[in-house]
Every structure is written in C-alpha cells, then in structure tokens.
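Now for the letters of each chain:
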Amino acid sequence: MVTWSAPGKVFLFGEHAVVYGKPGLAMAIKPRVFVTVRKNRHPTPAKSPYIDGCFKAMGVTGSVYVNSQMPSSSGLGSSAAVTVATLSAINDEFDLDRTREEIALTAYQIERAVQKGRASPTDTYVSTIGGMVLITGQSRRKIPPQNLNLVVGNTLVSHSTAKMVELVAEGQRKFPDVMNPVMEAMGALTLSAVRNLSNPRQLGQLMNINEALLEVLGVGHPTLSKLVIASRNAGAFGAKLTGAGGGGCMIALCPKHMKGRVAAAIDACDARAFITSIDTVGARKENDA
Ligand code: MEV
C-alpha cells in the first residue's frame, strides 16, 4: 500500500486564452489531494471516472482511498490532482517505472477523455511537476519559482469548466473580429507578467486588466466581481478570477502584511478565503502511517 499526493493550481494569467494556443501562466499551490492505492484483484468499482481512467490506463486493478484538502469544482484543479496522485501511487505500488513526464501526459489524456476533449494540459502538468509553468499550446516551460503572496477566494458558486469553455467558443464563433484581439491581448498580458514577476505592483495591475478581459469573454460572475472589488479595496495589488470562471475561485495578489486583511474582506462577503503560496514539489510520495 502506498500514498502519493499532488497539489492544486491557480491560473495567474491566460485561462481560456490557452485553449486558443495563447500563452498562460499557472502555479501549483499548497492544498493537496492524498491518494492511497493498494493492490486488489477484485476491487469495488471507484465512483470517480478519473480514478477508473487511471487504473484502465495503467492496466492494473486496485483499491483507492482519497483525502482532499481542496474543494472540488472550484477551479483549483482538484480533479487533475486526484488523477496525478492516483497515477503516481499506482506507478509506485505496481513498480511500473513511468517517468513524471509520462504520468503528466497520461493524466492529461484521462482528463481530456472525461471532460469530452475540453482540457488543456495545464492542470495535470502543473500538478505533476509543481512550481510555475508557462503554457503555450502543447509547449510547457518551467519558470523560476517566485514567492507571491496570494489569497484565494472561493465564491462557493459551482461552475462547469466545459460549459464556460463552450460559452467562450460561442462568442468566438459569433464575433471573431472582436474576440481574436481579446485573446491576443490576454497572451500579451501573460508574457508581460513573466517579465514582471518580481514586481508585484505591476503584476497586480496586469491581473486587473486580465480580469476586465475575462469579463469581456463573458466568464465573469457577480459574486466573483464582488470578491475582486472587496480584495482591491482591502489593499490587494490586483485581483482576478482564476480558472474557468462563472463561479469557482478568484485570486488576489497582496502585499505581505495585507494578506489577513484581504482574506477577512473576502470572508465578509459570505465566501471562503485562504492564504496560500507556491508549491514547488508537485507529486510526491507520503510516508505510510
Ligand atoms: C480551466 O481551469 C482553465 C481553462 O483555460 C480550460 C483549460 O485550460 O483547460 C478555462
């Protein structure tokens, strides 16, 4: 029996634009999903299509126990983290010798199949290797880790990534001349952010611009806007939704001494805030209890 864990992630810049081949920047964060796998010839079927997909992809059978520090369906990549941790645990328990790159690729294929083709490799890749990653199409570049003071705000409004991606695609089909430049601008924002990673004030401003463009795409939500504005008023450098939008989570980049104040402002909007930072480890083996 072995236990592996994998982290969640936030999109700092470029969600949705990455689906159109533009650059996006994502970062692994501290909350993790823990998965224990044990060999078992006659397991009870898992309730999750992600976990079923993992056993099918690896060609073995076993039983699974999942323990998550993350809310599901909130845009923090919990399904990717479950998939990555399950594949890593299966790999270890059955001595299959897969590399991290292979685990990341298999996890992406499983997510894409479960989500009917609507997934970029971002969540699964970032969860596997940790740190900060610049995604452009199928290319992935690890960026030297930065210590960003982030507060995550969960609206508690559930959303569907597939629906939000479809909504953006509809806008794109209807008004390509308007939407293409918006996607271009989002890509440019990401590249500008990569050049300004050590300047949180500039980064915050870029986040605010990114938030406005996400609104243009139609993936905002009144509760997200409320949390974004509350965070800025409480002293954040900048704030934006993170992930697919339409609900789920937002992030605020804060001066170090303002994190508590920003989190309290989010909580006061009947939402759930937590302070987080970068996870540089990715998938890892846990000591057996
Ligand atoms: C969802 O977390 C981010 C999207 O860009 C979709 C994806 O990248 O798979 C909306």
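Along each chain, the written sequence defines residue order, and numbers are assigned to residues from 1. In keeping with the predicted nature of the model, local features appear solely for residues at pLDDT of at least 70, side-chain atom pairs appear and are counted solely at 80 or more, and the whole-chain, interface and lining totals rest on all residues. With hydrogens and water stripped out, all remaining heavy atoms of the structure feed into the side-chain values.

I'd like a description of the UniProt feature "binding site: ATP" (unreviewed entry) in the protein, backed by residues and values.
UniProt positions are given in the numbering used here, feature names are shortened, and annotations may be inferred rather than shown by experiment. The positions UniProt marks with the feature "binding site: ATP" (unreviewed entry) are P71, S72, S73, S74, G75, L76, G77, S78, S79, A80 and A81. In DSSP terms, a helix is any run of H or I states spanning at least four residues, a strand is any run of E spanning at least two, and both are numbered starting from the N terminus. Tracing the backbone shows S74 in the loop between β3 (62-68) and α2 (78-93). You can see L76 is positioned in the loop between β3 and α2. Accessible area is worked out with a 1.4 Å probe on protein chains only. A residue is then buried under 20% of its type maximum, exposed over 50%, and partly exposed in between. Overall, L76 belongs to the buried group, its relative accessible area being 1%. Contacts are assigned to residue pairs that have any heavy atoms within 4.5 Å of one another. For L76, the contacting residues outside a window of four places in its chain are G8, K9, V10, I29, M70, P71, V152, C249 and F274.

Which residues make up helix α4 (residues 122-129), and what values go with them?
With 8 of 8 residues buried, α4 lies mostly within the body of the structure. Residues of α4 that are buried: T122, D123, T124, Y125, V126, S127, T128 and I129. Looking one or two residues past α4, G130 carries a phi angle of roughly 75°, positive in sign.

Describe the site of the ligand, with residues and values.
Inspection of the region around the ligand gives K9, F11, E15, H16, V18, V19, A119, S120, G243 and A244 as its neighbouring residues. Contacts to the ligand include H16, whose backbone N or O atom sits 2.9 Å from an oxygen atom. Here S120 contributes a side-chain N or O atom positioned 2.6 Å from an oxygen atom of the ligand. For the ligand, whose accessible area on its own is 300 Å², the fraction buried by protein is 94%. Residue polarity is assigned by list, with Asp, Glu, Lys and Arg as charged and Ala, Val, Leu, Ile, Met, Phe, Trp, Tyr, Cys and Pro as nonpolar; anything else, Gly included, falls into the polar class. Taken together, the residues of the shell around the ligand sort by class into 5 nonpolar, 3 polar and 2 charged. In this text, near means that some heavy atom of the residue lies within 4 Å of the molecule or strand in question. Any pair of nitrogen or oxygen atoms within 3.5 Å is treated as a polar contact; in protein, a donor-acceptor pairing is required on top of that, and neighbouring residues in sequence qualify only through side-chain atoms on both sides. Using the Shrake-Rupley algorithm and a 1.4 Å probe, accessible areas are obtained, with residue cover drawn only from the displayed protein chains.

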